[in-house]
Amino acid sequence: MKNTMHWCILAIFFLQGILLASTAFKNKYAPNKAKSPNTEMKRVDVHSNNSLLLSDNTDCPSMKKNEKMSYETLLKKKLFTANYDTSSRPVFDDKQALPVMVSISLYHILDMNEKFQTIRFYFSIRLQWKDEHMTWNESCYGNRKKIWTSANKIWTPDTVIINNADDEFIDKSQTNAIIRSDGHVLWMYPAVVTTYCTLNVKYFPFDEQACTIKFISWTYSGLELDLDHNESLAANEVYYVKKNQEWFVRKITYKRNEERYACCEEPYPDVTFTIHMKRRSLFYIFNLIFPCQLIFTFSSTTVVHVIKPILLHKNKLF
C-alpha cells in the first residue's frame, strides 16, 4: 500500500512537471511565432513609409513646413541642387531642339545719328522657354504657382543683338526670371540698344525710316535652340508715348530667318524685328521751314521796297 501511494505521488509530480515544461515552452516560443508576422508587417509598413517619404522628397517636403520658412524657400531648396547645371540645356532628350521665344517692347527712341547711321532705343526684351528640370506639384507647396529667382542661377539662352553698334554688350544678369510650376520660364530685362540703321533723309523732314534689331544665339545652332517670335505678345510691342515726340512708330514687324555661316554646317535661326517710323514734320515746319520762309519773304519785300525807289530816282536823273 505504501509503495502504491509512493508511485502515485511520483506520477502526480511527473505530470505537474510536464505541464510546467509545456507552459514554459509555449511562453518562450509561441509568442515569438505570433510576434514575427506582426514584426514582418511592421517592417513592411516601415519600408512602405520610407518609400512614401522618398516619393515625397521628389514632390513634397518630407517634413512639416517650418513657420519661419516659406514654401518658396522650400521649393528653391528642392529645385536648386548641386545636380542642376546652368551650362546645360534644360531638356531630357539631347536630340530635342529647345524652343525659345523672343519678343520686345519699345518704350522710347532716345537718339538718332544721321552722320554715323545709328539709332538708340530703350527696350524691354522678353525671352521664354521651358526648363524641364524646374517643375513641381503646386499642392505640395501651398499652391505656389510660380517663383522668382535670379537669372544667373538657371540656364539662360545666349541670345545677342547681332547688329549692336554700342561699345558694350547688354548686362542681363542682374534681373530676375519668373518660373511657373510647369517649367515655363519668363525672363524680362530692360536694355538701351544702339543699332546700325541705314537712314534715307532725301525727303527730310517728311521721311520714313525702317530700322532693324536682329536677335541670334551666339553658339547654339537651330538643332539645339529653335529661336522664334511669340505671336501672342504682338499687341504688347509698342509702349512708345506718341505725344510730343519727334517720331511716330507705325508698327513693329518681325521675320524669322535661317542662315549658314562659314564656321558651321548647321543652320542658325535669327529673329529680326523691323521698327517702322515716320518723322513728325510739324516740329520742323514751325521751327525750321516756316521761319526760313518768313525770313525769305521779309527779305524779298525789303529788297523790293528799298531798291525800287533807288532805281526810279536814278531814272529821273538820267
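Residues numbered from 1 in each chain as written. Predicted model: local features only at pLDDT ≥ 70, side-chain atom pairs only at ≥ 80, totals over all residues. Heavy atoms only, no water.

Brief notes about the overall build of the chain
For step 1, the next point in the chain: Along its length, the chain carries 3 helices and 10 strands.
For step 2, the next point in the chain: Reading the chain from its N end, one meets helices and strands in the order α-α-β-β-β-β-β-β-β-β-β-β-α.
For step 3, the next point in the chain: Within the chain, buried positions represent 31% of all 318 residues.
For step 4, the next point in the chain: Considering only contacts within the chain whose residues lie at least 6 apart along the sequence, 74% involve residues at least 24 apart.
For step 5, the next point in the chain: Here the chain displays about 21,600 Å² of accessible surface, and carbon together with sulfur accounts for 59% of that area. (Helix = DSSP H or I, 4+ residues; strand = E, 2+ residues; numbered from the N terminus. Buried < 20%, exposed > 50% of the residue type's maximum accessible area, 1.4 Å probe, protein only. Contact = heavy atoms within 4.5 Å. Areas by Shrake-Rupley, 256 points an atom, 1.4 Å probe, with all protein chains shown as cover.)

Quick look at unusual backbone geometry
Most peptide bonds are trans, and most residues other than glycine sit at a negative phi.
For step 1, the next point in the chain: With a phi close to 60°, Gln-117 is a non-glycine residue in the positive phi region.
For step 2, the next point in the chain: Assignment of secondary structure puts Gln-117 in the loop between strand 1 (98-113) and strand 2 (118-130).
For step 3, the next point in the chain: The backbone of Asn-143 shows a phi angle near 55°, a positive value even though the residue is not glycine.
For step 4, the next point in the chain: Residue classification places Asn-143 among the exposed positions, given a relative accessible area of 56%.

Some details on the sheet that holds strand 1
Strand-to-strand pairing in sheets goes through backbone hydrogen bonds, with the strands running parallel or antiparallel.
For step 1, the next point in the chain: What the 6 strands build is an open sheet, ordered 3-5-6-2-1-8; its pairing is mixed. Edge strands, defined here as strands with exactly one partner in the open sheet, are strand 3 (146-150) and strand 8 (225-229). When the angles between neighbouring strand axes are averaged without regard to direction, this sheet yields 30°.
For step 2, the next point in the chain: Pairing between strand 1 and strand 2: 11 bridges, direction antiparallel. From the neighbouring strand, Ser-105 faces strand 2, where its bridge partner is Ser-124. (Pairing = 2+ DSSP bridges. Axes fitted to C-alpha atoms, helices over the stretch in contact; angles between N-to-C directions.)

Remarks on the pairing of strand 3
For step 1, the next point in the chain: Side chains Ile-147 and Thr-149 of strand 3 all project onto a buried face; the interleaved residues Lys-146, Trp-148 and Ser-150 project onto a face where none is buried.
For step 2, the next point in the chain: Sheet topology places strand 3 next to strand 5 (residues 176-180); 5 bridges connect them, and they run antiparallel. Bridge assignment links Trp-148 to a residue of strand 5, and that residue is Ile-178.

Let's talk about the nonpolar core
For step 1, the next point in the chain: One finds Phe-121, Phe-123, Trp-129, Phe-215 and Met-277 to be the most contacted residues of the largest nonpolar core, which totals 49 residues.
For step 2, the next point in the chain: Per-element tally for this core: the top contributor is strand 1, with 7 residues. (Core = buried A, V, L, I, M, F, W, Y, C linked by side-chain atoms within 4.5 Å.)

Notes on the pairing of strand 5
For step 1, the next point in the chain: Of the strand pairs in this sheet, strand 5 and strand 6 (residues 184-196) are connected by 3 bridges, and their pairing is antiparallel. Directly across from Ala-177, in strand 6, lies its bridge partner Trp-187.
For step 2, the next point in the chain: Between strand 5 and strand 6, which pair antiparallel and follow one another directly, the connecting turn spans 3 residues, one of which, Gly-183, has a positive phi of 95°.

With respect to the state of the cysteines
For step 1, the next point in the chain: Tallied over the full model, the rule gives 1 disulfide.
For step 2, the next point in the chain: Covalently, Cys-197 is tied to Cys-211 through a disulfide, its sulfur atoms 2.0 Å apart. Of note, the bridge from Cys-197 to Cys-211 carries an S-S torsion of about -80° and is left-handed in sense. Highlighted residues: Cys-197 in the loop between strand 6 and strand 7 (208-217) and Cys-211 in strand 7, separated in sequence by 14 residues. (Disulfide = S-S within 2.5 Å.)

Considerations on the confidence of the model for the chain
For step 1, the next point in the chain: Of the residues in the chain, 66% have a pLDDT of 70 or more, and the chain-wide mean is 77.
For step 2, the next point in the chain: Within the chain, the element-level pLDDT minimum falls on helix 1 (residues 2-59), averaging 48, and the maximum on strand 5, averaging 94. (pLDDT = per-residue confidence, 0-100.)

With respect to the sheet that holds strand 7
For step 1, the next point in the chain: The strand order 4-7-10-9 describes an open sheet built from 4 strands, whose pairing is antiparallel. Where the open sheet ends on each side, the last strands, each with one partner, are strand 4 (159-161) and strand 9 (247-259). Averaged over all pairs of adjacent strands, the angle between their axes in this sheet comes to 20°, without regard to strand direction.
For step 2, the next point in the chain: Of the pairings in the sheet, the one linking strand 7 to strand 10 (residues 268-279) comprises 9 bridges and is antiparallel in character. Within strand 10, the residue paired with Thr-212 across the bridge is Thr-274.

Quick look at the pattern of salt bridges
Opposite charge on two side chains makes pairing possible when the charged atoms of those side chains draw close.
For step 1, the next point in the chain: Here the structure, examined in full by the defined rule, presents 10 salt bridges.
For step 2, the next point in the chain: Residue Glu-114 pairs with Arg-279 through a salt bridge whose shortest N-O separation is 3.9 Å. Here Glu-114 is found in the loop between strand 1 and strand 2, whereas its partner Arg-279 is found in strand 10, with 165 residues between them in sequence.
For step 3, the next point in the chain: Relative accessible area serves as the criterion here: at 35%, Glu-114 is assigned to the partly exposed category. (Salt bridge = Lys/Arg side-chain N within 4 Å of Asp/Glu carboxyl O.)

Examining the side chain of Thr-118
For step 1, the next point in the chain: Residue placement: Thr-118 occurs in strand 2.
For step 2, the next point in the chain: Look past the residues within four positions of Thr-118 in its chain and what remains in contact with it is Met-112, Asn-113, Ala-165, Thr-194, Thr-195, Tyr-196 and Cys-197.

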